[in-house]
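Analysis of the macromolecular model
The chain contents come next:
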Amino acid sequence: APRLILVLGDQLSEGLSSLREGDPARDVVVMAEVMDEASYVPHHPKKVAFLFAAMRKFAARLEAEGWRVRYTRLDDPDNSQSIPGELIRRAAETVATEVLATEPGEFRLIAALEDCPVPVHMFPDDRFLCSHAEFEAWAEGRKELRMEWFYREMRRRTGLLMEGDQPAGGKWNYDHDNRKPAPDEIAFDGPLRFEPDAATVEVLELVEARFADNFGTLRPFWFATTRDEALQALDHFIARALPRFGDFQDAMLDGNRFLYHSVLSMYLNAGLLTWQEICAAAEDAWRADKAPLNAVEGFIRQIIGWREYMRGIYFREGPDYVRRNALGYDRPLPSFYWTADTDLRCVSKAVEQTRDEAYAHHIQRLMVTGNFALLAGIDPHAVHEWYLAVYADAYEWVEAPNVIGMSQFADDGVVGSKPYVSGGAYIHRMSDHCRHCRYEIGEKTGAKACPFNYLYWAFLHRHRERFGRNPRMAQMYRTWARMSDDKRQATLDSADAFLARLDRGARV
Ligand code: FAD
Ligand code: DLZ
């Protein structure tokens, strides 16, 4: 009897373990556009369109290679609208009695497959460098899990940027040379854009009709939807942006949404590109003297370091991770996360571009929308659901450790040794937003002052028991302690007044 081979929307890789286990002469590939997956959070329309278009084209490619594929479109009248439902239906049609699957990237869907009445054999997702067992072995017995140590192991394992057993150039990490403030000119016109073909236009019309109420602008739709296009986008980045990636990795500009970022995460996470080919292309550019070491090391670290580390954390911490709330916050997510309707210029710019592009770069996610949510004491689960919905690259395995862990400190320090919080000065240094902002970056208290300034101190004050003895935060607590009583009180009063306005739904 044939077996069903499940290929999910973020498993669009020909080398997928479930496909490798299968036999084109015997088995049937199942792919399905279903409302259960398309609505567990209100996904950005660009994310849905990207996945549906890429899924349809991947299915066509598998068919061209000789696979039999049963593909369900969202509007098929017999669509059961869930992945297990489609497996049951396709099993009945094909008399298959078992399913071969690659482990999904979310516990929610793993549990659904485990409960499926048609038995599902799950194979590891070996499109990653580090397996669950290898991460466990690395984590075992360590008091603290820190990305930097994990990253060095991954460098040694892959041989990327290694000279024998030593790191290229003598240092593991060149961040010291990175993180320059926003430049005046950007010599990169952004990621490669693709004109939608007829198949993509058909998907755009479907998404327009079915997801019209979701946050996010569908058109212009410019994403790559095939592996060939994604490879072109990779080449474009390597040739034009990688050389300056490191220098301006943390910069933000009012009038430039992408700076020197790769905008490849959505392709990598959906399986259109592999980490190996991205890292090899970056290393080759350095070896050919086309990109400096600080840029290439910084870029490769994000992929074999942060990305793999975050996945390790998600699978190690388990399904309740997304419910962690170490700081006990319960304020609802402000409506401006959906409308961009706020006078906080940096936040409104980050939300606007998220709405338009289903993309924001790391520092916008971490130090603007994430930082604000943490300083304002927003319910971390609501923050998590927002990030999972609005970014084209968002799946729980990577989004949750970034949001619950790195950004909101809701995991009590599993991912980071201290919370990523800052006052307005950091945003001012790294961007030109403050120049266009109604709030005054130089003012520390009162109605005109930048809210990040007083919210930052109020956060530290609120959590003095927890963080006061953290050596990495000692300097800030000393600064707070040195302020006059009047100044401290005015700071806390400003924060209270601001949060009261936020709670009343007043414009802030
Ligand atoms: P670049 O800046 O060009 O970096 C290169 C690549 O490195 C990325 O494509 C990505 O694959 C990888 N990378 C960089 N940083 C990280 C990181 N912290 N974790 C994992 N991979 C990383 N990334 C996602 O892929 N999906 C998410 O849902 C996601 N949510 C995030 C939420 C928050 C609050 C924060 C702070 C970060 C989040 N990130 C997420 C990480 C990072 O912001 C994005 O990977 C990056 O912005 C994608 O843009 P890019 O491809 O231009 O990245
Ligand atoms: C994100 C997503 C969406 C929007 N739609 C589908 C879908 O219709 N069919 C599908 O197979 N996958 C979809 N996905 C991706 C899955 O949600 C993803 O595989 C899991 O979240 C695990 O990472």
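Residues numbered from 1 in each chain as written. Chains lettered and ligands numbered in written order. Predicted model: local features only at pLDDT ≥ 70, side-chain atom pairs only at ≥ 80, totals over all residues.

Let's talk about the sheet that holds strand E4 (residues 99-102)
One key point about sheets: their strands pair by backbone hydrogen bonds, in either a parallel or an antiparallel sense. A sheet is described by the order of its strands in space; here five strands give the open sequence E3-E2-E1-E4-E5, paired in parallel fashion. Strands with a single pairing partner mark the edges of an open sheet, and in this sheet they are strand E3 (68-72) and strand E5 (120-123). Ignoring which end each strand starts from, the neighbouring axes of this sheet average 25° apart. Bridging between strand E2 (residues 28-32) and E3 involves five bridges; their strand directions are parallel. Bridge assignment links Val 30 to a residue of E3, and that residue is Arg 70. Most of the contacts of helix H3 (residues 45-64) go to E3, to which it runs at about 160°, and overall it touches E2 and E3. (Pairing = 2+ DSSP bridges. Helix = DSSP H or I, 4+ residues; strand = E, 2+ residues; numbered from the N terminus. Axes fitted to C-alpha atoms, helices over the stretch in contact; angles between N-to-C directions. Contact = placed C-beta atoms within 7 Å.)

What about the site of ligand 2?
In the neighbourhood of ligand 2, 16 residues make up the surrounding shell, with Leu 8, Gly 9, Glu 37, Gly 105 and Tyr 395 lying closest. Counting only elements with at least two residues in the shell around ligand 2, the list comes to helix H2 (35-39) and H3. Per-class residue counts for the shell around ligand 2 are nine nonpolar, three polar and four charged. (Near = placed C-beta within 6 Å. Nonpolar A, V, L, I, M, F, W, Y, C, P; charged D, E, K, R; others polar.)

A look at the domain arrangement of the protein chain
Looking at the assigned domains, one finds that the protein chain contains domain 1 (4-123), domain 2 (132-193 + 227-312) and domain 3 (336-504). Distance from the C-alpha centre of domain 1 to the C-alpha centre of domain 2: 30 Å. (Domains from an automatic or database assignment.)

Some thoughts on the nonpolar core
Ranked by size, the top nonpolar core spans 145 residues in total, and within it Leu 242, Tyr 267, Ala 282, Val 296 and Leu 455 carry the most contacts. Tallying contributions element by element places H3 first for this core, with 10 residues. (Core = buried A, V, L, I, M, F, W, Y, C linked by C-beta atoms within 7 Å. Buried ≥ 20, exposed ≤ 12 C-beta atoms within 10 Å, placed from the backbone.)

Some details on unusual backbone geometry
Residues apart from glycine generally show negative phi values, whereas peptide bonds are mostly found in trans. Between Arg 219 and the following residue, Pro 220, the backbone shows a cis peptide bond with an omega angle of 0°. Tracing the backbone shows Pro 220 in the loop between helix H8 (198-210) and helix H9 (227-240). The backbone phi angle of Ala 340 is positive, close to 65°, even though this residue is not glycine. As for its placement among the helices and strands, Ala 340 is situated in the loop between helix H14 (336-339) and helix H15 (345-357). For Ala 340, a count of 17 C-beta atoms within 10 Å corresponds to the partly exposed category. Even without being a glycine, Phe 409 presents a positive backbone phi close to 55°. Relative to the helices and strands, Phe 409 is located in the loop between helix H18 (396-407) and helix H19 (424-430).

A look at the site of ligand 1
Around ligand 1, the surrounding shell holds 28 residues, and the nearest of these are His 261, Ser 262, Ser 265, Gln 302 and Glu 399. Contributions of two or more residues to the shell around ligand 1 are made by helix H11 (265-270), helix H13 (293-317), helix H16 (362-375) and H18. Residues that form the shell around ligand 1 fall into these classes: 14 nonpolar, 10 polar and four charged. When residues of the shell around ligand 1 are assigned to domains, at least three map to each of domain 2 (132-193 + 227-312) and domain 3 (336-504).

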